[in-house]
Amino acid sequence: MRANILVVLLVLLVGIGASLLLIPHSGELALQKFRDRDYDSARAVYEQRYAAGDRSGTTVMPLTRLSLAQGDVDRAIALTEEFVAAEPSSVEARELLNRLYQDAQRPGDYLENLKALAELRHSADLFRDLAYAAGFRNRMALKVEALTRYCTLRSDDVEAPQELAALLAARGDHAGAVDWLMRADDRAKGEIQPDSRELLMSLLIDLDREEEAFDRARRWLGENPTVADMIGLASQLAAASRPDLALRLIEPQVNGREHVLALELTYIDLLIAAGRREEARTRLSALPGPVEDVQFGRLLALEVNAGMLRPALAATKGRDLHLVPDWVLAGLAETALREGDRSFPDRLYRELGDEFLNDYPLLAANIALGRGDPAAAAGWAERGLAGGALPPGDQLAAIRILDRAGRHGAATAAFDRLPLSSGIPDEQLEELAALFIDLDRAPAGLAWFETRRQATPSPAAGQGWARLAAKAGDPAAVADWLAGQPKLPLGLLLDIAGSAAERAADSPPAVALALAASRRAFALDPSPRSRLALANALTATGKPAEALPLLAPLLTDGGTEVEAAYIAALAGAGRSEELTRHLTAKLAKGNLSDAEQQAIVTMLLDHKAYRAALPLLRGWAERQGGDWLGVYADAAAKAGALPDLAALLQSRAAVAPLAEAEDALYRDTLTTLGRKTDLRRYLLVRATDSRLPADKRREPVSALLALGDKTGAEQALQRLAAGQGPQSEDFRQLAYLWGPRPPAAGLDWIEARAKAASGPAEQAAWYDRLAEYGGGGRVIAGLGGQGAAPAQPALKSPYIEALAAAGKGKELAQALRTAVPEEAAPDRLRRYARLAEQTGQRAAAAQAWTALLARKPEDADALRQLGMLAYDENRLADAERLLRRYVASGPDDYEAYYFLGEALTALKRPAAAVPFYRTALSQLRHRAGRGDAAVQTEANLLNRLGKVDDAVALFEGLRKRRPADRQLRADYASMLIENGRLPEARRVLALP
């Protein structure tokens, strides 16, 4: 029996053990849940295993994928990174980590992991991907390394070595770049990209391997090259700065085949680049016939580069300028401008506009000057200077253009901003010196040239110094320098002479220099210019009589400059009569232009020959007015011809109102001549001239008043104010003239304005002024009709004001009964109430105050006045209600507090009145300058507050000051009786 039990137990144990084997363990359970897509449960199991220290791939990888499935990318990355740290050679883990880094947008981590993965897999594609990623992150060293590994693994790829070579060249590894390019070229059998060919040529030449470059180019060319191949290879060698090799490469082909224009032009281009210009010009001249449009621009460019500018300009005739490059057009335009040919620049502007010149602002400025457009020229010059790209010489030229265009200030400012370094070439020093002088910077220029002359001596530096020293330096030093220079340009001598002549009046050495320089210039070239310079120097140095014989031959065709010099010499020699005769005779000959006539008149005026100048000046003044009128007026005054000036101005004023300057001139002239009547007449006409704006008509009023013409001023102001309202400044001025009580004529005028008003509002405003100035009766008569108030609401106010001013209380009250219910403006209601009070119409006042309070429930004035009225009428409850509302805001009004207290006292509520009495007493005592009425009120307040003795003291003081005042004795006695002090009351009343 016991054996059977043991057998049974054994069987049971075996069964239990077998059943335990059938139960899945945690890993199998997690995998099962993963496959069943029970992700939450599966992840919980894998997390438990991970937390228990299981870092194997069977745990980490599923857990990573579960984290991704649930959107937890950061957890997935952390798990994979930890696994890779433990298993760095796991390809599967690194591939997963790559995808995770891409999803998380972590390019830096992706790059490092991709580098490790490429090393593990030794994959060309991965190294290619690594190169792209490294380039994107600007990791050029890594890109070079990755591309090198890729090119080593993929020897069949000819594109990648070219990319690698360009990268190596950019990093300075020229030899390595050449090696990879030559490998690629060999593999591609000479078919690498044109850019790579050009780079290879350039690198070989830089490495002094020209023959290799030439041999490879010749190999590219082949035995029967096409024209395109020859042009392409030649261009690559030229781009590598070796046009000689390009010529050597294609010269046999050019000379050994039939003429092809494109190849011929390329060959000519290479000749120019190699410095063989004469050969280039010969071949250009030999080209047959006109070329097609597609080659025309290139042909002109070659002609310009070869120095064949005139043939190039001639070739443009009849051709479309759009075919020509802008820089070629710019060069041709500059050539035309230098030679005085305006037709080609005009054609450029006409056919292409100015847009093509955006890159050539200096040329554009010169073209604009040639076209007579100084504003455009200045704009182009400023644009060029603002860019900062112009070389020093062009900057100086741009500043000169600004000055020539009349923009002296802008030219000076631009010149001051120039960084004038010592690197300015000698050929630009003359222009620099001239700008220093012309822009009033001679002292600074002299200092600059002294430094330049010491640092870099040259004839140009010496001449620039001399030009500036004559203007602002030591004339004696310039004279010494001049004596040591046997040959000098005529222009320099003339500039030195002119500058020295300007200083001759204050400097004896300048006199000697002016004469020496001008005589030397005259000896070098006895031209009219030198003759004039010598004559000016003689005149400036006090020898005008010697200048006259030099100038006489120049007078016929010398122009205004010679005329000025001749006149200066005549004036300097004291020959004023001869001068006047000369100029008058010149005018009498006629056939002079306006400019010549103006120049002569200016000379006459400068030399005080006013009478001789007057006829011409008057004609110009009559026709043009403006500045000429001012010049004529000045000359007429100095010549004693003011009546003529007055007549001229009178005739102009009869046609149209005079301008402001002419008006002032006419007034001054009439004043000087003492013609006050004419002046008053003119001022009145101007003040009432409707063609003038109001401000111009207003100004003469003051002048009329200054002349004592009050009547005229009133007439002018009436005309001005008639078109405006009574609030205008003109009416206020008119009212000021009339004074507080205008004359009957003034009241008539105001009444007429009221009756002629365009609307009730304007009419009311005029009636307000009429009432204000004592015309209340007129207002009542005009608006009252048959004794009734006007129907128009706007007219009721002036009617009521007039009634109040006339003291017509009953009529006022009647008018208010109709006006108050219709009035909505609080200020107007307040005014009505005050007017009613002034005329003793308490009921009408109460009506107005009540209406105001209805519109403004907390209006202080209305509450106070209605409260006081209620108290006076013994409506004590109303008085209390209204005055309480009034004092709630805490006004400084002791009377209101007092009467509120009195109302409460009368209502048998003395205790409630006490606070108001106290406030009234406090406010009263804080007032300055109190009169007897206030003192009596204080006595009453003291009595109400139980301080009877103090009240008695105040009453006693009042009684002594006013012993005959019965009302005072009565009030005093009443107070005493009220407090049971009958003996004292009998004494006050003088009773037995």
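On a predicted model such as this, the values are computed, not experimentally measured, just so you know.

### Observations regarding the overall build of the protein
Right, so step 1: Scanning the protein from N- to C-terminus turns up 59 helices and 0 strands.
Right, so step 2: Residues classed as buried in the protein amount to 44% of the 992 residues present.
Right, so step 3: Pairs at least 24 residues apart make up 48% of the contacts formed inside the protein by residues separated by at least 6 positions.
Right, so step 4: For the protein, the accessible area works out to roughly 50,000 Å², and carbon and sulfur atoms hold 52% of it.

### Description of the packing of helix 56 (residues 932–944) against helix 58 (residues 966–978)
Right, so step 1: Viewed as axis vectors pointing N to C, helix 56 and helix 58 meet at an angle of 10°, and their least axial separation amounts to 11 Å. Here helix 56 is positioned roughly parallel relative to helix 58, judged by the angle of their axes. Across the interface between the two elements, Gln936, Asn943 and Arg944 of helix 56 pack against Leu968, Asp971, Met975 and Glu978 of helix 58.
Right, so step 2: Split by residue class, the contact of helix 56 with helix 58 holds 2 nonpolar, 2 polar and 3 charged.

### Thoughts on the pattern of salt bridges
Right, so step 1: In total, this model carries 41 salt bridges according to the counting rule given.
Right, so step 2: Residue Arg830 is joined to Asp861 by a salt bridge in which the shortest nitrogen-to-oxygen separation is 3.0 Å. Note that Arg830 is positioned in helix 50 (residues 826–838) and Asp861 in helix 52 (residues 860–872), a separation of 31 residues in sequence.
Right, so step 3: Overall, Arg830 belongs to the buried group, its relative accessible area being 16%.
Right, so step 4: By relative accessible area, which is 29% here, Asp861 ends up partly exposed.
Right, so step 5: One salt bridge connects Arg842 with Asp872, and the closest N-O pair in it is separated by 3.3 Å. With Arg842 in helix 51 (residues 842–855) and Asp872 in helix 52, this pair connects stretches of sequence that are 30 residues apart.
Right, so step 6: Given the relative accessible area of 40%, Arg842 is considered partly exposed.
Right, so step 7: In this structure Asp872 comes out as exposed when scored by relative accessible area, which is 52%.
Right, so step 8: Within this structure, Arg830, Arg834, Glu837, Lys856, Asp859 and Asp861 form a network of salt bridges that share partners.

### Let's talk about helix 50
Right, so step 1: Taking 1.5 Å of rise per residue, 13 residues should cover 18 Å, and helix 50 covers 18 Å from first to last C-alpha, within 8% of that figure.
Right, so step 2: Those residues of helix 50 lying buried are Leu829, Arg830, Tyr832, Ala833, Leu835 and Ala836.

### Regarding the packing of aromatic side chains
Right, so step 1: Inspection of every chain in the model, using the stated rule, returns 8 aromatic pairs.
Right, so step 2: An angle of 70° between the planes, with centres 5.2 Å apart, marks the rings of Tyr898 and Phe899 as edge-to-face.
Right, so step 3: Overall, the relative accessible area of 10% leaves Tyr898 in the buried class.

### Focus on the layout of surface pockets
Right, so step 1: Taken as a whole, the largest pocket encloses approximately 630 Å³ of empty space.
Right, so step 2: Around the largest pocket, the lining is made up of 28 residues, and of these Leu362, Asn366, Asp394, Ala397 and Ile401 lie nearest the centre.
Right, so step 3: Put simply, the parts of the chain that give the lining of the largest pocket at least two residues each are helix 20 (326–338), helix 22 (361–370), helix 23 (374–387) and helix 24 (392–404).
Right, so step 4: Sort the elements by how many residues they give to the lining of the largest pocket and helix 24 lands first, with 7 residues.
Right, so step 5: Taken as a whole, the second largest pocket holds about 300 Å³ of empty space.
Right, so step 6: Taken together, 16 residues line the second largest pocket, and the ones lying closest to its centre are Gln650, Ala653, Tyr666, Tyr682 and Val685.
Right, so step 7: Every element with two or more residues in the lining of the second largest pocket is listed here: helix 39 (642–655) and helix 41 (676–687).
Right, so step 8: Among the elements that make up the lining of the second largest pocket, the one with the highest residue count is helix 41 (5 residues).
Right, so step 9: When grouped by side-chain class, the residues that make up the lining of the second largest pocket number 9 nonpolar, 1 polar and 6 charged.

### Quick notes on helix 29 (residues 475–483)
Right, so step 1: When helix 29 is considered as a whole, its buried residues turn out to be Pro475, Val478, Trp481 and Leu482. Down the axis, helix 29 shows its buried residues gathered within 120° of arc, on one side only. Facing away from the buried surface of helix 29 by more than 90 degrees, the exposed residues are Asp480 and Ala483.
Right, so step 2: Buried residues along helix 29 sit in contact with helix 27 (442–455), helix 28 (459–472), helix 30 (490–502) and helix 31 (508–524).
Right, so step 3: At the N-terminal boundary of helix 29, the capping side chain belongs to Asp474, with an oxygen 3.1 Å from the backbone nitrogen of Ala476.

### Concerning the packing of helix 24 against helix 25 (residues 408–417)
Right, so step 1: Where helix 24 meets helix 25, the closest approach of the two axes is 7 Å, and the angle between their N-to-C directions is 160°. The angle between the axes of helix 24 and helix 25 places the two elements in the roughly antiparallel class. Of the two possible hands of crossing, helix 24 and helix 25 adopt the one that is left-handed. Across the interface between the two elements, Leu396, Ile399, Leu402 and Asp403 from helix 24 touch His408, Ala410, Ala411, Ala414 and Phe415 from helix 25.
Right, so step 2: A class-by-class count of the residues in the contact of helix 24 with helix 25 yields 7 nonpolar, 1 polar and 1 charged.

### Some thoughts on a nonpolar patch on the surface
Right, so step 1: Nonpolar side chains collect at one region of the surface, where Ile977, Leu982 and Leu989 lie side by side and expose about 250 Å² of accessible area between them.
Right, so step 2: Inspection of the secondary structure puts Leu989 in helix 59 (residues 982–989).
Right, so step 3: Residue classification places Leu989 among the partly exposed residues on the basis of a relative accessible area of 35%.

Rules behind the numbers
- Residues numbered from 1 in each chain as written.
- Predicted model: local features only at pLDDT ≥ 70, side-chain atom pairs only at ≥ 80, totals over all residues.
- Heavy atoms only, no water.
- Helix = DSSP H or I, 4+ residues; strand = E, 2+ residues; numbered from the N terminus.
- Buried < 20%, exposed > 50% of the residue type's maximum accessible area, 1.4 Å probe, protein only.
- Contact = heavy atoms within 4.5 Å.
- Areas by Shrake-Rupley, 256 points an atom, 1.4 Å probe, with all protein chains shown as cover.
- Axes fitted to C-alpha atoms, helices over the stretch in contact; angles between N-to-C directions.
- Parallel < 35°, antiparallel > 145°, perpendicular 65-115°, else oblique.
- Nonpolar A, V, L, I, M, F, W, Y, C, P; charged D, E, K, R; others polar.
- Salt bridge = Lys/Arg side-chain N within 4 Å of Asp/Glu carboxyl O.
- Expected span 1.5 Å × (residues − 1).
- Phe/Tyr/Trp six-rings, centres within 6.5 Å; stacked < 30°, edge-to-face > 60°.
- 1 Å grid on protein atoms, 1.4 Å probe; cavity = no way out; pocket = protein on both sides within 12 Å on 5 of 7 lines; lining within 4 Å.
- Points joined across faces, edges and corners; volume = space filled by probe spheres on them.
- Arc of directions from axis to C-beta.
- Polar contact = N/O pair within 3.5 Å; in protein donor to acceptor, adjacent residues only side chain to side chain.
- Left-handed = near helix turned anticlockwise from the far one by under 90°.
- Patch = residues over 30% accessible without salt bridge, like charges linked within 9 Å, V, L, I, M, F, W, Y side chains within 5 Å.

Geometric values such as these leave the question of function open.
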